[in-house]
Amino acid sequence: MCGIIGFTGCGRAKDVLLSGLSALEYRGYDSAGISCFTGDGKITTIKSVGKVSKLKTQVPEEFSSTCGIGHTRWATHGGVSQANAHPHSCGRVTLIHNGIIENYLCLRDELSATGRTPVSGTDSEIAAMLIDSLYTGDARAAIAAAAARLEGAYAFCILFSDQPEKIYCIRKGSPLVACQTKMGSIIASDMVALLRYSKDYFVLEEDLIACLTHDEITVTTLDGRTVAPDYLTVTWDVSSAQKNGFNHYMEKEIHEQPDALLRTITPRLVKYVENGESYMLPDFTADGIPDSLFLGLSRIVITACGTAMHAGMMGKILFEELLHIPVTVDIASEFRYQNPILSEDTLVITVSQSGETADTLAALRLATESGARTLSIVNVKGSSIARESAHVFYTHAGPEIAVASTKAYTAQLAAFYMIAFRAAFAARRLSIGECAEYTKGLSLMIPALTKVLERGEEFAAISRHLIKATDLFFIGRGMDYALSCEGSIKLKEITYIHSEAYAAGELKHGTLSLIAPDVPVIALATQHNVLAKMVSNIKEVRARGAFVILVAAKDAGIEPELYDFCIELPETSDRFAPFTAAAVLQLIAYHTSFLRGLDVDQPRHLAKSVTVE
Ligand code: AGP
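Residues numbered from 1 in each chain as written. Predicted model: local features only at pLDDT ≥ 70, side-chain atom pairs only at ≥ 80, totals over all residues. Heavy atoms only, no water.

## Here we look at the pairing of strand 25 (residues 520-525)
Part 1: Strand 25 sits mainly inside the fold: 6 of its 6 residues count as buried.
Part 2: Across 3 bridges, strand 23 (residues 471-476) lies against strand 25 in parallel orientation. Its bridge partner lying in strand 25, Phe473 is registered against Val521.
Part 3: Strand direction decides the pairing type here: strand 25 and strand 26 (residues 547-552), joined by 6 bridges, are parallel. When the bridges of strand 26 are listed, Ala525 appears paired with Ala552.
Part 4: At this point the chain moves from strand 25, through helix 16 (residues 531-543), to the parallel strand 26, and the crossover so formed is right-handed. (Buried < 20%, exposed > 50% of the residue type's maximum accessible area, 1.4 Å probe, protein only. Helix = DSSP H or I, 4+ residues; strand = E, 2+ residues; numbered from the N terminus. Pairing = 2+ DSSP bridges. Right-handed = clockwise from strand over helix to strand, strands pointing away.)

## Observations regarding the sheet that holds strand 25
Part 1: Overall, parallel pairing links the 5 strands, which are arranged 24-23-25-26-27 in an open sheet. Whereas interior strands pair on both sides, the edge strands pair on one side only; in this sheet they are strand 24 (498-503) and strand 27 (565-568). The sheet shows a mean angle of 15° between the axes of neighbouring strands, direction not considered.
Part 2: Pairing of strand 26 with strand 27 involves 4 bridges; the strand directions are parallel. Within strand 27, the position partnered with Val551 by the bridge is Ile567. (Axes fitted to C-alpha atoms, helices over the stretch in contact; angles between N-to-C directions.)

## Some thoughts on the pattern of salt bridges
Part 1: Within the structure shown, the criterion is met by 27 salt bridges.
Part 2: Here Glu61 and Lys14 are joined by a salt bridge, their closest N and O atoms 3.4 Å apart. With Glu61 in the loop between helix 2 (52-58) and strand 4 (67-73) and Lys14 in helix 1 (residues 13-24), the pair connects residues that are 47 residues apart, well separated along the chain.
Part 3: Between Arg387 and Glu205 there is a salt bridge, and its shortest N-O distance comes to 2.8 Å. (Salt bridge = Lys/Arg side-chain N within 4 Å of Asp/Glu carboxyl O.)

## Examining the site of the ligand
Part 1: Lining the immediate environment of the ligand, one finds 14 residues, of which Ser352, Gln353, Ser354, Thr357 and Glu493 sit closest.
Part 2: At 2.6 Å from an oxygen atom of the ligand is found a side-chain nitrogen or oxygen belonging to Ser352.
Part 3: One of the side-chain nitrogen or oxygen atoms of Glu493 is found 2.4 Å away from an oxygen atom of the ligand.
Part 4: Computed on the free molecule, the ligand has an accessible area of 410 Å², of which 91% lies beneath the protein chains in the complex.
Part 5: Breaking the shell around the ligand down by element, the ones donating at least two residues are helix 8 (306-323) and helix 15 (479-495).
Part 6: Looking at side-chain class alone, the shell around the ligand contains 5 nonpolar, 7 polar and 2 charged residues. (Near = heavy atom within 4 Å. Polar contact = N/O pair within 3.5 Å; in protein donor to acceptor, adjacent residues only side chain to side chain. Areas by Shrake-Rupley, 256 points an atom, 1.4 Å probe, with all protein chains shown as cover. Nonpolar A, V, L, I, M, F, W, Y, C, P; charged D, E, K, R; others polar.)

## Here's the deal with the state of the cysteines
Part 1: Summed over all chains, the structure comprises 0 disulfides.
Part 2: Of all cysteine sulfurs, the one in Cys305 lies closest to Cys485, which takes part in no disulfide; the gap is 15 Å.
Part 3: For Cys485, a relative accessible area of 12% gives the class buried. (Disulfide = S-S within 2.5 Å.)

## Quick word on the nonpolar core
Part 1: Ranked by size, the top nonpolar core spans 123 residues in total, and within it Ile34, Ile300, Phe319, Ile349 and Tyr417 carry the most contacts.
Part 2: Counting residues per element, this core draws most heavily on helix 12 (residues 407-426), at 13 residues.
Part 3: When near neighbours in sequence (up to four residues on either side) are disregarded, Tyr417 contacts Met314, Leu318, Leu442, Met479, Arg575, Phe576, Pro578 and Phe579.
Part 4: Ile126, Leu130, Ala142 and Ala147 belong to the second largest nonpolar core, which has 29 residues in total. (Core = buried A, V, L, I, M, F, W, Y, C linked by side-chain atoms within 4.5 Å. Contact = heavy atoms within 4.5 Å.)

## A look at the sheet that holds strand 12 (residues 208-212)
Part 1: Ordered in space as 5-6-7-8-12-13-14, the 7 strands form an open sheet in which the pairing is antiparallel. Among the strands making up the open sheet, the edge pair consists of strand 5 (88-90) and strand 14 (226-227).
Part 2: Pairing of strand 13 (residues 217-221) with strand 14 involves 2 bridges; the strand directions are antiparallel. In the strand pairing of strand 14, Thr220 is matched with Thr226.
Part 3: Packing of helix 4 (residues 123-134) onto the sheet brings it into contact with strand 5, strand 6 (93-101) and strand 7 (152-160), and relative to strand 6 it is tilted by some 130°.
Part 4: The strands touched by helix 5 (residues 139-149) are strand 7, strand 8 (167-172), strand 12 and strand 13; relative to strand 8, the strand with the most contacts, the crossing angle is about 20°.

## Focus on helix 7 (residues 257-265)
Part 1: Along helix 7, the positions that sit buried rather than exposed are Gln257, Pro258, Ala260, Leu261, Thr264 and Ile265. The arc that holds the buried residues of helix 7, viewed along the axis, is 160°, so those residues lie on one side.
Part 2: For helix 7, the elements touching its buried residues are helix 6 (249-255), strand 16 (269-274), strand 22 (391-394), helix 12, helix 13 (432-453) and helix 17 (577-595). (Arc of directions from axis to C-beta.)

## Structural notes on the side chain of Ser65
Part 1: Structurally, the position occupied by Ser65 is in the loop between helix 2 and strand 4.
Part 2: Residue Ser65 is classed as buried on the basis of its relative accessible area of 8%.
Part 3: Side-chain polar atoms of Ser65 contact the backbone oxygen of Phe37, separated by 2.7 Å.
Part 4: In this structure the side chain of Ser65 is engaged in a polar contact, spanning 3.0 Å, whose partner is the backbone oxygen of Cys67.

## Notes on empty space enclosed by the protein
Part 1: For the coordinates displayed, the defined rule picks out 2 cavities of 30 Å³ or more.
Part 2: Forming the walls of the largest cavity are Cys2, Arg73, Trp74, Ala75, Thr76, His77, His86, His97, Gly99, Thr122, Asp123 and Ser124.
Part 3: Listed by contribution, the elements that provide at least two residues to the lining of the largest cavity are strand 6 and helix 4.
Part 4: Residues that form the lining of the largest cavity fall into these classes: 3 nonpolar, 7 polar and 2 charged.
Part 5: If you add up the space inside the second largest cavity, you get close to 30 Å³.
Part 6: Lining the second largest cavity, in full, are Tyr409, Leu483, Glu486, Gly487, Lys490, Ala582, Leu585 and Gln586.
Part 7: Those elements giving two or more residues to the lining of the second largest cavity turn out to be helix 15 and helix 17. (1 Å grid on protein atoms, 1.4 Å probe; cavity = no way out; pocket = protein on both sides within 12 Å on 5 of 7 lines; lining within 4 Å. Points joined across faces, edges and corners; volume = space filled by probe spheres on them.)

## Focus: the packing of aromatic side chains
Part 1: The final tally for this structure, using the stated rule, is 14 aromatic pairs.
Part 2: With a centroid separation of 4.4 Å and 40° between ring planes, the pair formed by Tyr135 and Phe160 is classed as tilted. One end of the pair, Tyr135, is in the loop between helix 4 and helix 5; the other, Phe160, is in strand 7, with 25 residues separating them in the sequence.
Part 3: Residues Tyr154 and Phe156 carry aromatic rings whose centres are separated by 5.1 Å and whose planes lie at 20° to one another, so their mutual orientation is stacked. (Phe/Tyr/Trp six-rings, centres within 6.5 Å; stacked < 30°, edge-to-face > 60°.)

## A look at the pairing of strand 26
Part 1: When you tally the buried positions in strand 26, you get 6 out of 6 residues, the bulk of the element.
Part 2: Burial of the side chains of strand 26 extends over both faces: Phe547, Ile549 and Val551 are buried on one face and Val548, Leu550 and Ala552 on the other.

Right under this line is the structure:
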């Protein structure tokens, strides 16, 4: 939801801002712009509709500045237009904004009465007008006074024309991270924009104001007290956030899954000895997650958005089977409006790759206020959800740049498997031997997944049959249904083919009317306990002429007349088939998008990190 960056120092601001915007482009790519001090208090703004690559062609090579701000936009308030592109200026104030100002209409009316007329349709320009109206030479005071008036979410980087070479920043809801380097001070929405300059960074806490100069970053409270920021260190390097020879980030991230899963699983395997026997069990002592978190629970609530919620659907199946506790999975944007029943014996698990999704964060806040226990499964270290949750399970998948989530999803699955195994062991529902056996199965799934990734050409060939499709259905039962939901969102977000996921047994209650000759159906048949029923459901669509792509367990033995293509998964126990099957569906979506000539990594209208409600 918009990427923002600010730099002041001895280097060329243009280079830092434009390369930072390229790294942040996954957050939005409707328009892009920069504003820089270009001498004598003059601020020069260059902005345009379209991607950062277009902006780059408009910034002259000789553009000289050592301080500026840059923005890449995902449109919320106001359409995609030159006027609505950031930065926005009013009087002495020029700013960039990530977030949504909810009370912008009443502020606009109030400020218009003072003679300030907005030229854009954005809420961000109203924020610039507000800060300008409150500015009398003390930037911090103006920003603090504006913060008291603004409702909603924001991260701002602000230039004041009479304070050259300085950038002021504040945030609420939307993220900002900063670092100090020999070259100067940098602040951005995400660490990926800072990575080439520093591995050490700090998260600007809410309701603090940062002032960046060439040599230092000063952080103060709204009433002016200086605060020392807590520095964090990233464990990955700049190559993790590059394509490394792959055509697209998505392709690279799909292939990173074995390594990502190793990082998520291996450090949490601890040797236990009982009666002279050794067992490797999941252990979360180093994460600060005690077994007591899983004891005495009356229910578990999992809440998240999109792909993260689909991982939660798999978590529900595992918890209910292994813990025998009722589990609900709620869409985070609905959660707090449906009067959820939460108490201290409820465990609320929020799941988020970015750790910044506004609806998931709001759900977590409600859970915390209600006195429920909270655990978050998060990829980005130091993100808002991680910091506000009582307990955090970091997935360690590394930076995920493509809008379509792949390695973060399978790492979230691994997190759910480990948590379910450990919780069942803690609750004495699994013996030490059973827990160790299940955990071994999880580790053995990684080489099986690697084998699937080596079969890219096979999936590309199948994808050729999908490029003309207008509608497509995924069907499955149990874990295969949860995975169908994920397969469907992956396909539609990057191929623009309409698709739906159906519990296979539900088709005949309405959806079968949409199955016509040659409509593609991707049927998942990896679960032996429902295999016979699944075969009947495949027969139902086949009888209506569907073009069937079967993704099946190696020994499923489904008659060849029932499908056009069959993708056999490597042998794993059924419980772990979602990992290998997920890789198949990801690669089919990837190749279909690529063959349709679409922008795989940055699909239209979408953004990676959704920090607005
Ligand atoms: C996945 O491919 C999507 N782009 C999207 O559904 C995503 O999973 C969702 O927006 C949640 O994001 P989060 O994990 O960062 O909270």
